[in-house]
Amino acid sequence: MDDVKPDTGASTDRTPQTPRDPMVVIEGVNKHFGDLHVLRDINLTVGKGEVVVVLGPSGSGKSTLCRAINRLETIESGAISIDGKELPEEGKPLAELRADVGMVFQSFNLFAHKTIRENVTLGPVKVRKKSKADADKQADVLLKRVGVEAQAEKYPAQLSGGQQQRVAIARSLAMGPKVMLFDEPTSALDPEMVNEVLDVMVELAREGMTMIVVTHEMGFARKAADRVVFMADGQIVEVGTPQDFFTNPRSERAKDFLGKILTH
């Protein structure tokens, strides 16, 4: 593996004159699954309003890193902070900080026995203590924003996979998160449904949402990312703008990865 030291500072691609304040800071993070060292001394800073896309081969640690950011996976050493607050290990403080971190998974994780509107209003009412009326109004706005307002009274099983994933995004947005994590959000979808979800994500990026996106969608990385983080074997191998990464990858590992991905 090439000894490339990635620049892991906050990107300033979109507004070069204005450095971004840090939103997510990951310092010296390590994680094992048994003998497998899945995260190796990870250091990364994501600025407010920045979109970072994490790429890499299967088993590189991408999803584990994503899940560690809101403590769905514990870490053995290092620190992760969100908007200046270090992630607590457990208890109410962790629940409160998690509410600031939206997460969208491969599987949509919607409550099957609740309507689409109820799925979106549950968190704001229970966690944010919003009134039912205010939560309903907000849900209608968000469902319209992601293009599924006509499905509000239906149940998840009555929607397509693409519609369910857009509802999952609306549900995360309803909590007013400071940062959104996406862990392979399109990998469980039929090909024709992928773009309807990516379009919503591109719009979120344009609106300035801080986003960390683990994905295999190279088109999204090119279009929406401020920076691409390439991981392999539990390490960050290189970090760069989409333009630099896709046209001039510096490490042999990244060149090999892109050679396999972009020729298919």
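What counts and how
- Residues numbered from 1 in each chain as written.
- Predicted model: local features only at pLDDT ≥ 70, side-chain atom pairs only at ≥ 80, totals over all residues.
- Heavy atoms only, no water.
- UniProt positions renumbered as here; feature names shortened; annotations may be inferred.
- Helix = DSSP H or I, 4+ residues; strand = E, 2+ residues; numbered from the N terminus.
- Buried < 20%, exposed > 50% of the residue type's maximum accessible area, 1.4 Å probe, protein only.
- Contact = heavy atoms within 4.5 Å.
- Phe/Tyr/Trp six-rings, centres within 6.5 Å; stacked < 30°, edge-to-face > 60°.
- Lys NZ or Arg CZ within 6 Å of the ring centre and 35° of its normal.
- Pairing = 2+ DSSP bridges.
- Axes fitted to C-alpha atoms, helices over the stretch in contact; angles between N-to-C directions.
- Parallel < 35°, antiparallel > 145°, perpendicular 65-115°, else oblique.
- Left-handed = near helix turned anticlockwise from the far one by under 90°.
- Right-handed = clockwise from strand over helix to strand, strands pointing away.

In the annotation of an unreviewed UniProt entry, the protein chain is listed under the name Glutamate ABC transporter ATP-binding protein GluA and assigned to Terrabacter terrae. What UniProt states about the protein chain under its Sequence similarities (unreviewed entry) heading is, verbatim, "Belongs to the ABC transporter superfamily." What UniProt states about the protein chain under its Subcellular location (unreviewed entry) heading is, verbatim, "Cell membrane".

A word on the side chain of Gln-165. As for its position among the elements, Gln-165 is in helix α5 (residues 161-173). On the basis of relative accessibility, which here comes to 0%, the residue Gln-165 falls in the buried class. Excluding residues within four positions of it along the chain, Gln-165 makes contact with Val-104, Phe-105, Gln-106, Phe-108, Pro-185 and Val-197.

We now examine the packing of aromatic side chains. Counting across every chain of the model gives 3 aromatic pairs. Seen from their ring centres, Phe-230 and Phe-245 are 5.8 Å apart, and the 35 degrees between their planes marks the pair as tilted. Of this pair, Phe-230 sits in strand β9 (residues 227-232) while Phe-245 sits in helix α8 (residues 242-247), and the two are 15 residues apart along the sequence. Under the relative-accessibility criterion, Phe-230 is labelled buried at 0%. For Phe-245, a relative accessible area of 1% puts it in the buried group. With a centroid separation of 5.2 Å and 50 degrees between ring planes, the pair formed by Phe-230 and Phe-257 is classed as tilted. Placement of Phe-230 in strand β9 and of Phe-257 in helix α9 (residues 252-262) is noted, with a sequence separation of 27 residues between them. Ring pairs connect the aromatic residues Phe-230, Phe-245, Phe-246 and Phe-257, which therefore count as one cluster. Sitting over the face of the ring of Phe-246, Arg-222 holds its NZ or CZ atom 4.3 Å from the ring centroid.

When strand β1 (residues 22-33) meets strand β2 (residues 36-47), the two strands line up antiparallel, connected through 8 bridges. Opposite Lys-31, over in β2, you have Leu-39 as the bridge partner. Hairpin connection from β1 to β2: 2 residues lie between these consecutive antiparallel strands, with Gly-34 at a positive phi of about 65 degrees. Relative to strand β4 (residues 77-82), β1 runs antiparallel, the two being bridged by 5 bridges. Within the sheet, the bridge partner assigned to Ile-26 lies in β4 and is Ile-80.

What follows concerns the packing of helix α4 (residues 132-145) against α5. Contact pair α4 / α5: the axes reach a minimum separation of 9 Å and the direction vectors enclose 140 degrees. Judged on the interaxial angle alone, α5 and α4 are oblique. The crossing of α4 and α5 is right-handed. Contact residues: α4 offers Gln-138, Leu-142, Leu-143 and Arg-145, while α5 offers Val-167, Ala-170 and Leu-173.

What follows covers the pairing of strand β8 (residues 210-214). Of all 5 residues in β8, 5 are buried; the element is thus mostly enclosed. Burial along β8 is two-sided: the face carrying Thr-210, Ile-212 and Val-214 and the face carrying Met-211 and Val-213 are both buried. As defined by bridge partners, strand β3 (residues 51-55) adjoins β8 across 4 bridges and the pair is classed as parallel. Following the sheet pairing, Val-53 is matched in β8 by Val-213. In this sheet, β8 lies alongside strand β7 (residues 179-183) in parallel orientation, the contact comprising 5 bridges. Bridged to Phe-182 within β8 is Val-213. Assessed by its sense of winding, the connection that carries the chain from β7 through helix α6 (residues 191-206) to β8 is right-handed.

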